[in-house]
Amino acid sequence: MQGLDFSVVLPYADILWIGVWWTVVLTVSAAVISFFVGILFALVVLYAPAIVAYPVRLFIWLFMGTPLLLQLFLIYFGLVQIGIDIPALVAGIVGLGLHFAVYNADIFRAGIAAVDPGQAEAARSIGFSRFQTFRYVVIPQAVRSTTPPVGSNMIALLKESSIVSVIGIAELVHAAQLAISETFRPFEFYITAALLYYLLNLVLEAALRRIEARVEMSR
Amino acid sequence: MDVALMMRVFPFFLEAALVTVQLSVLAGGLGLAMAAAAAAARLSPVAPLRYLGATYVSVFRGTPALIQLFVLYFGGPQVGINLDPFAAGVVGLGLNIGAYMAEGVRGAIVSVDKGQAEAARSIGFSRAQTMQRVILPQAARLMIRPLGVNTVALVKGTSLVATISVVELTYTAQRFIGSTYKPFEIFGVAALLYMVMIYGVARVVDLLDRRYAID
């Protein structure tokens, strides 16, 4: 048992800071993908003809039933098998993005389906087009019920972004591992990384609270 | 599609899936115990206990499971905690999922109508009796869904211990991908087994939920 000495962390502040930066980049890019692909999937499942909807439902089902780590391996090592060689960073963003898109899709689908059909009928009957009905009547109501669960998905995404360290992306865990390989101080560096994740989490939670409050106010 | 390869590796994956099941069951049991303790602490009249419970939940929910595992497995020896990979996996995953389960347990308890507890106390039940005979039986039904969701998350989360070289499904897949360069086939076999387990758990949760539904 060696004594703990957190002063070993300071010389590596720069590396950890870069790790934090890449964690933020990963989380934000994957969040954007998960959001838009999630909406797309939800719309396809709800409204597209079966021939399009069925493969998407199968994809959702497959991605929900398997771990992110395995999905990352498939994307990063698997696509090479069919001649697609993508950089680790892209594989990480796409993997994380698709993993959470599937969960978002489920929330969006349920949120849209939960809007009373009478609302859409009423809008159509006073002369709204299908698009207008969707844009001005259905979506605003669906957004309110989907914001909190999508928010918790984004919090999960921030934490799960740590997993992409296994394919060698220089995010926070990877930065900690780099420092550990030079100092042999796993405890101090992993605790520091945990603390940084905790702080990022607090920032994200505060941001989500503000977004939720705004959505709630637009009632 | 190399089906012969898939057939050949299947027995290894079955063995690995058994490790995944063991991890899930043991970590799930530890998680439940932690959840019960944390929920009790958070609902306790003793302020330091409430604080302790809240800190546990907040720390373990606010940081990635992977880091928790690394602190325990790689950092542990530095503070005198030496666990083999499997034990570290069980403890790490159990502590992590326990924090999430604690919220499910606490949420279910606080959503039992207050009037129930007041009524029980007014007819002379002690605090413990009220909890045991009135609140918990009603809360138990409300816990099925959140605990089930957490259990599904746990089964998927067991894949993380591949990073500390526990020979479970994902680790086995990783090893076979490395030696065969056939990720799609290997992934297919591993995915199939994960899906059997995950949809199995989900189905059991569904059945329990319907069986004990209040309406």
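Looking at an unreviewed UniProt entry, one finds chain B named Nickel transporter, with Aquibium oceanicum as its source organism. Listed under Sequence similarities (unreviewed entry) in UniProt, the entry text for chain B is "Belongs to the binding-protein-dependent transport system permease family. HisMQ subfamily."

For chain A, the name recorded in an unreviewed UniProt entry is Amino acid ABC transporter permease, with Aquibium oceanicum as its organism. Recorded in UniProt for chain A, the comment headed Sequence similarities (unreviewed entry) runs: "Belongs to the binding-protein-dependent transport system permease family. HisMQ subfamily."

(A) Up close: the overall build of chain B. Secondary structure assignment for chain B yields eight helices and zero strands. Starting at the N terminus and walking to the C terminus, you meet the elements of chain B as α-α-α-α-α-α-α-α. Structurally, chain B occupies a C-alpha span of about 70 × 45 × 20 Å along its principal axes. Partitioning the intrachain contacts of chain B with sequence separation of at least 6 by distance along the chain shows that 76% fall at a separation of at least 24. Here chain B has roughly 10400 Å² of accessible surface; of this, 66% comes from carbon and sulfur atoms.

(B) Structural detail: the UniProt feature "domain: ABC transmembrane type-1" (unreviewed entry) in chain B. Summarizing the sequence annotation, UniProt attributes the feature "domain: ABC transmembrane type-1" (unreviewed entry) to residues 13-205 of chain B in the numbering used throughout. Secondary structure across residues 13-205 of chain B divides into 82% helix and 0% strand, with the first and last C-alpha atoms of the span separated by 25 Å.

(C) Spotlight on helix α3 (residues 65-75) of chain B. In terms of residue burial, α3 of chain B counts as a mostly covered element, since eight of its eleven residues are buried. For α3 of chain B, the set of buried residues is L66, I67, Q68, L69, F70, V71, L72 and G75 of chain B. Looking at the buried side of α3 of chain B, the elements it contacts are α7 (172-183) and α8 (186-217) of chain A together with α2 (47-62) and α4 (85-110) of chain B.

(D) The arrangement of the UniProt feature "transmembrane region" (unreviewed entry) in chain B in detail. All names here are of chain B. As recorded in UniProt, the sites labelled "transmembrane region" (unreviewed entry) are residues 147-166 and 186-205. This span, residues 147-166, is 55% helix and 0% strand, and a straight line between its end C-alpha atoms measures 25 Å. Between the first and last C-alpha atoms of residues 186-205 the distance is 29 Å; the span itself is 100% helix and 0% strand.

(E) Main features of helix α6 (residues 127-157) of chain B. Relative to the 45 Å expected for 31 residues at 1.5 Å per residue, α6 of chain B spans just 37 Å between its end C-alpha atoms, considerably shorter than the ideal helical length. Along α6 of chain B, the largest kink reaches about 45 degrees and is centred on I135 of chain B; proline P137 of chain B follows within four residues of it.

(F) Summary view of the nonpolar core. The biggest cluster of nonpolar side chains holds 79 residues, and the ones touching the most others in it are L96 and F189 of chain A together with I67 of chain B. Setting aside residues up to four positions removed in sequence, F189 of chain A forms contacts with V8, V9, Y12, L16, A176, A179, I180 and T183 of chain A. One finds L5, M6, L193 and M197 of chain B within the second-largest nonpolar core, a separate group that totals 23 residues.

(G) Examining unusual backbone geometry more closely. Residues and elements named next belong to chain B. Its identity is not glycine, yet S165 carries a phi of approximately 60 degrees, on the positive side. Turning to its location among the elements, S165 is positioned in the loop between α6 and α7 (169-180). The class for S165 is partly exposed, based on a relative accessible area of 36%. For Y181, which is not glycine, the phi torsion reads 55 degrees and is therefore positive. Along the polypeptide, Y181 turns up in the loop between α7 and α8 (183-211).

(H) Representation of the pattern of salt bridges in the model. All names here are of chain B. By the definition in use, this model includes eight salt bridges over all chains. As a salt-bridge pair, K182 and D2 come within 3.3 Å of each other at their nearest N and O atoms. Note that K182 is positioned in the loop between α7 and α8 and D2 in the segment before α1 (3-42), a separation of 180 residues in sequence. We classify K182 as partly exposed; its relative accessible area is 26%. Note that E103 and R106 form a salt bridge whose closest N and O atoms lie 3.6 Å from each other. Of the two residues, E103 and R106 are both situated in helix α4; the distance of three residues between them amounts to about one turn of the helix. Taking the relative accessible area as the measure of exposure, R106 reaches 25% and is therefore partly exposed. Residues joined in a network through salt bridges with shared partners are R145, D206, D209 and R210.

(I) Fine view of the UniProt feature "domain: ABC transmembrane type-1" (unreviewed entry) in chain A. According to UniProt, the "domain: ABC transmembrane type-1" (unreviewed entry) feature falls on residues 20-208 of chain A. As annotated, residues 20-208 of chain A comprises 84% helix and 0% strand, and the C-alpha atoms at either end are separated by 19 Å.

(J) Quick peek at the packing of helix α2 (residues 50-64) of chain A against helix α4 (residues 88-113) of chain A. All names here are of chain A. Contact geometry for α2 and α4: axes closest at 9 Å, N-to-C directions at 115 degrees. In terms of their interaxial angle, α2 and α4 are classed as roughly perpendicular. Every pair of crossing elements has a handedness; the one defined by α2 and α4 is left-handed. Of the residues in α4, those touching α2 at F59, I60, F63 and M64 are L98, H99, V102, Y103, A105 and D106. Counted by class, the contact of α2 with α4 contains eight nonpolar, one polar and one charged residues.

What counts and what doesn't
Residues numbered from 1 in each chain as written. Chains lettered and ligands numbered in written order. Predicted model: local features only at pLDDT ≥ 70, side-chain atom pairs only at ≥ 80, totals over all residues. Heavy atoms only, no water. UniProt positions renumbered as here; feature names shortened; annotations may be inferred. Helix = DSSP H or I, 4+ residues; strand = E, 2+ residues; numbered from the N terminus. Contact = heavy atoms within 4.5 Å. Areas by Shrake-Rupley, 256 points an atom, 1.4 Å probe, with all protein chains shown as cover. Buried < 20%, exposed > 50% of the residue type's maximum accessible area, 1.4 Å probe, protein only. Expected span 1.5 Å × (residues − 1). Bend = angle between axes of the 7 residues up to and from the residue. Core = buried A, V, L, I, M, F, W, Y, C linked by side-chain atoms within 4.5 Å. Salt bridge = Lys/Arg side-chain N within 4 Å of Asp/Glu carboxyl O. Axes fitted to C-alpha atoms, helices over the stretch in contact; angles between N-to-C directions. Parallel < 35°, antiparallel > 145°, perpendicular 65-115°, else oblique. Left-handed = near helix turned anticlockwise from the far one by under 90°. Nonpolar A, V, L, I, M, F, W, Y, C, P; charged D, E, K, R; others polar.

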